[in-house]
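# Residue-level structure breakdown
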Amino acid sequence: PANARYAEPVSTLDVVPTVAAAVGFELPKDRAYDGVDLVPYVSGEKQGAPHEELFWRAEYVSAVRRGPHKLVRDRGGRHTVLYDLNEDPSERNDLSASQPERVHELEQALDQFDAQCKPPLWPHVIEYKWRDEQGVEWWYPL
């Protein structure tokens, strides 16, 4: 309906299957799609979240979200943070020290995701180093 808000986490990868379903286009079945058709979720036909996990990977960090928890780690493996997005949507309270089992569980999921991804096709020409709002230095080795 107009002005409705869908509150579950989704991904830009959902755009292709959702638009295809909305316009009645059948996607080729000879390949896998990372996204899902959101039409049944936004129409109320299906309940719950369309994704159990969401993953991100950039040149210098990778992340996983499972439920309310989001784990972010630098690609050099030097620093990892864990947030509860229900309690801390601004990602200011790192829970990694107090929840090492959850960190390990999410790191394993992230490792499995990374193992399925191809490496970037372009070379890195600079080294990334920066400090976040809490003063933690993040680093990506080349």
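Here's what I pulled together on the structure shown here. (Residues numbered from 1 in each chain as written. Predicted model: local features only at pLDDT ≥ 70, side-chain atom pairs only at ≥ 80, totals over all residues. Heavy atoms only, no water.)

The topology assignment puts arginine 92 in the loop between β4 (80-84) and α3 (100-116). Its relative accessible area of 52% is what places arginine 92 among the exposed residues. Separated by 42 residues in the primary sequence, arginine 92 and glutamine 134 have C-alpha atoms spaced 7.9 Å apart. When neighbours within four sequence positions are excluded, arginine 92 is seen to be in contact with Tyr83, Glu133 and Gln134. (Helix = DSSP H or I, 4+ residues; strand = E, 2+ residues; numbered from the N terminus. Buried < 20%, exposed > 50% of the residue type's maximum accessible area, 1.4 Å probe, protein only. Contact = heavy atoms within 4.5 Å.)

Core analysis: the biggest nonpolar cluster contains seven residues, these being Val64, Leu71, Leu82, Leu95, Val103, Leu106 and Leu110. If we ignore the near neighbours within four places in the chain, the residues touching valine 103 are Leu71, Thr80, Leu82 and Ser96. Of all hydrophobic cores here, the second largest spans six residues; its members include Val61, Ala63, Val72 and Val81. (Core = buried A, V, L, I, M, F, W, Y, C linked by side-chain atoms within 4.5 Å.)

Right, let's get into unusual backbone geometry. At glutamate 91, a position not held by glycine, the phi torsion is positive, near 55°. Relative to the assigned elements, glutamate 91 resides in the loop between β4 and α3. Here glutamate 91 falls in the partly exposed class, since its relative accessible area comes to 24%.

Turning to the pattern of salt bridges, a few remarks are in order. Applying the stated criterion to the full structure yields seven salt bridges. Note that glutamate 91 and lysine 70 form a salt bridge whose closest N and O atoms lie 2.9 Å from each other. Separated by 21 residues along the polypeptide, glutamate 91 in the loop between β4 and α3 and lysine 70 in strand β3 (residues 69-74) bring together distant segments of the chain. Here arginine 73 ties to aspartate 111 by a salt bridge, and the two come within 2.6 Å at their closest N and O atoms. Of this pair, arginine 73 sits in strand β3 while aspartate 111 sits in helix α3, and the two are 38 residues apart along the sequence. Through salt bridges with shared partners, a single network forms among Glu53, Arg66 and Glu105. (Salt bridge = Lys/Arg side-chain N within 4 Å of Asp/Glu carboxyl O.)

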